[in-house]
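For reference, the chains in residue letters:
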Amino acid sequence: MADVLLEGRDLTKHYPISHGLLQRTVGWVRAVDGVSFTIERGKTLSLVGESGAGKTTTAKAVLLLERLTSGSILFEGKDLQRFSKSQLKTEYRPRVQAVQQNPWSSMNPRMRVRDIIAEPLVVNTRQSKKEVRSRVLELLAQVGIGADCAGHYPHEFSGGQRQRIAVARALALNPSLVVLDEPVSALDVSIRAQIMNLLKDLQAQYNLSYLVIAHNLATVRYMSHSVAIMYMGQIVEYGDAEELFERPLHPYTRALMSASLLTLPGDEDQGIKQIILSGEMPSPLNPPTGCRFHTRCIEARDVCSKVEPELIVKGKQRVRCHHVVYRRP
Amino acid sequence: MSKIILQVEGLHTVFFTRQGVVKAVDGVSFYVREGETFGIVGESGCGKTVTGLSILRLLPEPAGRIVGGKIILDGKNLLELSKKEMREYRGSMISMILQDPMTSLNPVYTIGDQIAESVRLHQNLKDDAVEKEVISALRLLKIPAPEMRLHDYPFQMSGGMRQRVVGAIAMSCHPRLLIADEPTTALDATIQAQYIALFKDVQRQTNVAIVFITHDFGVVAQMCHRVGVMYAGKIVETATTRELFKAPRHPYTSALINSVPRLDRKDNRLYSIEGQPPSMTDLPRGCRFFPRCSVARDVCREQEPGEVDIGGEHSVSCWRVS
Amino acid sequence: MGRFIVIRLLQTVVALIGISLLIFVLARLSGDPTMLMRTPTTTEAEIVNIKQQLGLDKSQPEQYVIFVKNLFRGDLGESIIKRRPVTDMIGEALPNSLRLGITSFAVSMLLALLLGVLAATRRDTFLDNGVKFLAVLGQALPGFWVAILAIFVFSVYWHLLPTSGTGGPAHYVLPVGTLSFFLLPGMMRLVRSSMLDVLDSEYIKLARIKGLPERVVIWKHALRNALIAPLTTAGIIFANIITGAVILENVFNWPGVGRLSWEALVARDFPVVQGVTLLVAVLVLLVNLLVDILYAYIDPQIRYQQT
Amino acid sequence: MSAVNVMSGKGIEGSLRRAKIFQQLTLYIPAAVLALLVLAAIFAPFLAPYSPTKTALGQRLIPPFFIEGGSTAHLLGTDTLGRDILSRVIFGARVSLSVSLLVILITSTIGTVLGIIAGYLGGRTGTVLMRVTDVSLAFPAILIAILLAVVLGPSFKTVVLAISILGWAPYARLIRGEALRLREADFVAQARIIGSSPLRIMVRHIFPNIINPLIVIATLSVGLVILTEAALSYLGAGIPPTTPSWGAMVYDGRSLIDTAWWISLFPGMAIGLVVLSGNFLGDWLRDKLDPRLRQL
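Residues numbered from 1 in each chain as written. Chains lettered and ligands numbered in written order. Predicted model: local features only at pLDDT ≥ 70, side-chain atom pairs only at ≥ 80, totals over all residues. Heavy atoms only, no water.

1. Some points on the sheet that holds strand β6 (residues 94-97) of chain B
Residue and element names in this part refer to chain B.
- Taken together, eight strands build an open sheet; the order of strands is β6-β7-β8-β3-β9-β10-β12-β11 and the sheet is mixed. Because the sheet does not close on itself, it has two edges, and the strands there are β6 and β11 (308-309).
- In terms of strand pairing, β11 meets strand β12 (residues 315-316) through two bridges, oriented antiparallel. The residue bridging Asp309 from the neighbouring strand is Ser315, located in β12.
- Lying over the sheet, helix α1 (residues 48-56) contacts β3 (37-41), β6, β7 (177-181), β8 (209-214) and β9 (226-231), oriented at roughly 150° with respect to β7.
- Seen against the sheet, helix α10 (residues 251-259) touches β9 and β10 (234-240) and runs at an angle of roughly 100° to β9. (Pairing = 2+ DSSP bridges. Helix = DSSP H or I, 4+ residues; strand = E, 2+ residues; numbered from the N terminus. Contact = heavy atoms within 4.5 Å. Axes fitted to C-alpha atoms, helices over the stretch in contact; angles between N-to-C directions.)

2. Comments concerning the pattern of salt bridges
Residues and elements named next belong to chain B.
- Taken as a whole and assessed by the stated rule, the structure comprises 46 salt bridges over all chains.
- Here Lys234 and Asp26 are joined by a salt bridge, their closest N and O atoms 3.8 Å apart. Highlighted residues: Lys234 in strand β10 and Asp26 in strand β2 (residues 20-33), separated in sequence by 208 residues.
- For Lys234, a relative accessible area of 23% gives the class partly exposed.
- By relative accessible area, Asp26 is classed as buried at 9%. (Salt bridge = Lys/Arg side-chain N within 4 Å of Asp/Glu carboxyl O. Buried < 20%, exposed > 50% of the residue type's maximum accessible area, 1.4 Å probe, protein only.)

3. Some remarks on the packing of helix α12 (residues 234-251) of chain C against helix α10 (residues 211-235) of chain D
- Across the interface, α12(C) lies against α10(D) with an axial gap of 11 Å and an inter-helix angle of 40°. The pairing of α12(C) with α10(D) is recorded here as oblique in orientation. α12(C) and α10(D) meet at a crossing whose hand is left-handed. Contacts from Val246(C), Ile247(C), Asn250(C) and Val251(C) in α12(C) reach Ala231(D), Tyr234(D) and Leu235(D) in α10(D).
- In terms of residue class, the contact of α12(C) with α10(D) is made up of six nonpolar, one polar and no charged. (Parallel < 35°, antiparallel > 145°, perpendicular 65-115°, else oblique. Left-handed = near helix turned anticlockwise from the far one by under 90°. Nonpolar A, V, L, I, M, F, W, Y, C, P; charged D, E, K, R; others polar.)

4. Digging into the domain arrangement of chain B
Residues and elements named next belong to chain B.
- Once the domains are mapped, chain B shows domain 1 (4-93 + 178-272) and domain 2 (104-174).
- The distance between the C-alpha centroids of domain 1 and domain 2 comes to 25 Å.
- Between domain 1 and domain 2, the residue contacts involve 18 residues of the former and 13 residues of the latter.
- Area buried by domain 1 at its contact with domain 2 is led by Ser92, Tyr195 and Leu198, which between them contribute 34% of it.
- Remark: the boundary between domain 1 and domain 2 carries one salt bridge.
- Connecting domain 1 to domain 2 are five residue pairs in polar contact (both at pLDDT 80 or more).
- Listing elements by their share of the side of domain 1 that touches domain 2, those giving two or more residues are α2 (83-89) and α7 (189-206).
- For the side of domain 1 that touches domain 2, the leading source of residues is α7, giving nine residues.
- Taken together, the residues of the side of domain 1 that touches domain 2 sort by class into nine nonpolar, five polar and four charged. (Domains from an automatic or database assignment. Buried area = accessible area lost by both parts, 1.4 Å probe. Polar contact = N/O pair within 3.5 Å; in protein donor to acceptor, adjacent residues only side chain to side chain.)

Pasting the structure below:
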């Protein structure tokens, strides 16, 4: 039995759309629509999708930055709705931390590095100044930043170094789960690998769980144990990372994979063909009937525009499609 | 082989800043053939965008200046043209697509107006002929229902559609050369794939030569026929795309290619280049990549390597090769 | 857009009620108006009589209701000194002020556009520095002092223009000139900085890539966008015009609302000051409303909004 | 553009150097002027050669020393009552300085608190606050001042109150904008993830990041306050006579401009010089601290 750290059950977030003089609610944007997942201790789950897929909203819900319309989050088996305000503050918040996408804006430019890393400790614990100080130095060493840099301000560092500092801050409270929101997409190619390797090392060392938000499938393959592909607020395919990359079941997953494969000019002549989706993601205000992907799907049939498919189990994967076929990309 | 349409030779562009003179582009040479896409790939701050703007002579004034080299487009050195002649070249002979579709269209004019403006300027046409040209430009970029979209404002369109409009503006006067500066970076993965396929198609139809500026090796692989890899203001390696991926000769190129996570194989550990790119105001004395190079020798510290042609349209600037 | 305007209208009405209440409270604070009318020979009975006439014997809320009712009838009370309805006095003075204010606004706005755009497009040149210097002077020198010096130079020393008062076009030159000099810097700096922001944008780069001549890039593509930002500060410009007018009408003996309020100030004639303040308050709110609507019209993003 | 011109960059280096020198001058000169003003205000009784209120009818309308008939006993001449202009200008600094210091202290505090609340907490309170701010911004302070002078009588307190009553609005508007921008900043989200309370976020994360614009706008408003105070004094709605103030001095000399121009000229120049310095210093600070604020 897997050791589940955090579970999302049927998470839903609907934003009201209001119209007219009296601001009556005339519709809902379904940003997240019935998303369920589990994150195991020491493992990485990646949410992958394009902008508007709902992955960021899901992560924000886990970080308590966004209030859910319905659904529940279970942390170590306990429903967060049962937590009192102070329990959330002392038992949940410190154990779920985050590293954000943009290292240029995720740090208060007016604070020194040592204060940035110390802040979680100051806010949440009653450690003495000396204890905090030594913990900060320890964390800096962990992420490979020299102790002599503790007194510097963020602008004195490069993007890669800043991201290391952000990781140190996220680790300050010894969290169980770290939400990584596109942790390397703002960095230069030659720096990305450094940070990804660091994150992997830290996971092994501390048995950390990661929830990774990403739009790049290739990044995710290296990082994750399981993967959920999202489209228009729903998970369309979910499963073990290796299985999923070897045997993508959903046409959308295959299209995404095709988009991030290295295909060289002339490959077409050798029968390697890219899948190019037509059209764009429809407006979330009035999602298509039936399968939400049918408007762009090359394999769509009549049933797809009428009946909304359920997330069904196929082998070790779960997939939301009426006609699952096994096929390598 | 097709005719060479653009030849850049020893281009030097500098910026005068309060911190001192920055040699943003420091002796860059390359050529592009008709119907060919030449990629310039590199990390942020390596001078790839400045190279693109230099070709159009649209550097930010007065800080940026071209201080040396030749930019020969179809037999004419662009650096010798008068301001007025250069302006007539822009939009008609050379065009450019910018990175961010959300900000590169004027918010207060309809997209029809914005394309028509260009058509009217460079082609002597009557109003209904202008509209025809506008619609055919929108068609070329496969914008659905072009007659209707004509009257839309940019904010009424999605990012992908806006970038198509930018492409339509660029192609509206049938340019010989198109400079595309990270045109897909701001787009989602599936939209990016659409856009690249679209542009390959546009190129087949129009035989336009493209200089494609990007930081993304995946995009390079899909789009470009030949590639120049830029590092700290210099092109360190030029080759056909196949050759570059198969047999990179510069340590920076191979390190970059290796450090890109791959979808088609499982890596347990990513190859990483240690350190940071050098500051452009404080460049190392010898080879610019020397401080981060894993195979550097003594000579690399002291002297800059020259460009060596190793045959088959492949040239490298590295002491290991010469 | 309709909804947007309705909301703004409602807000304007609420603001009007707030301001009328504020002025009403201030009016009570200003002390007993009968004290000012008292002469050594006034009897207590006469005072009571006056109080009844002015409605001062009623309760405060009742007085406020009467106050508002009178306002709606255009009755702003009577000047304590001149013994004339305040409405009449403002009615005589307002056209003069409008003539001065509108002319100066037009002159300074035109100059601000021209100089602001030129300065932004020829950044760090002689012209830009000259414009900046002019702006700095206009902002730093007190208007009344500049006006006095101008009278000295052009009227007393060179005898070119009349020193003060109204009359032919010559009478306009100095007041309009000094008021424009006072208004110009703020507007010009706004146009310049907003223009610089727009010139930095990607769509201006794209316009140049198209090969458009600079003239078209600047006056067609940049200016229209650059005007949206200064529009939000139209309220401040309006306040500046009033401030300038109050001071300069006084220096030039211009029989406008500003001059009127100054005379009332010296004589401590509360009803007149109150009337002028109320009038300006209404104007301020109307200007704000107008700007909002104009803004919605210029920016297609708001014009086309469904909600 | 010829090819030769393309090659050379000399002109730019020169103009960069000139810009640097100019920038330094616009720091040192205004800073010196403002320092002098502060010193003059503090040490006025020791610096001024005469009492600013002492009348000497035998010494009426003496011109400044560099004009025929002037004397070095009264460097800047005397007014209609024989009072020494230089002494009055020195003492006038006290009024300008104390009014502007007090006003800036009051308005910046109110404006900052309201701005941060409206910007960070937002909601209905924020909307209402901002509509009030908009109207306040568009209301001419001079009319409120006149109204108050009539109601309360002209006094030091009235002047400070009259300028402050609307003076907080520009601060509130700017600070709200900054707070709105910062509210969306990733580091504020991060502070929430860490578990910081809204108060801590406003104090530790929002406030330190608006200090720069605050300093810039406060410096720039020194000039504005001094100008408003002078205008009020000129109109007779300022600090009542016998206390020398620059605006009132200009008013005194107004009708004698053709014969005794020095009575108006020198206090007017004093105002101009001080306001100019304040503006230059503010501009310099803005370039240094927050170049985004070009609009101010």
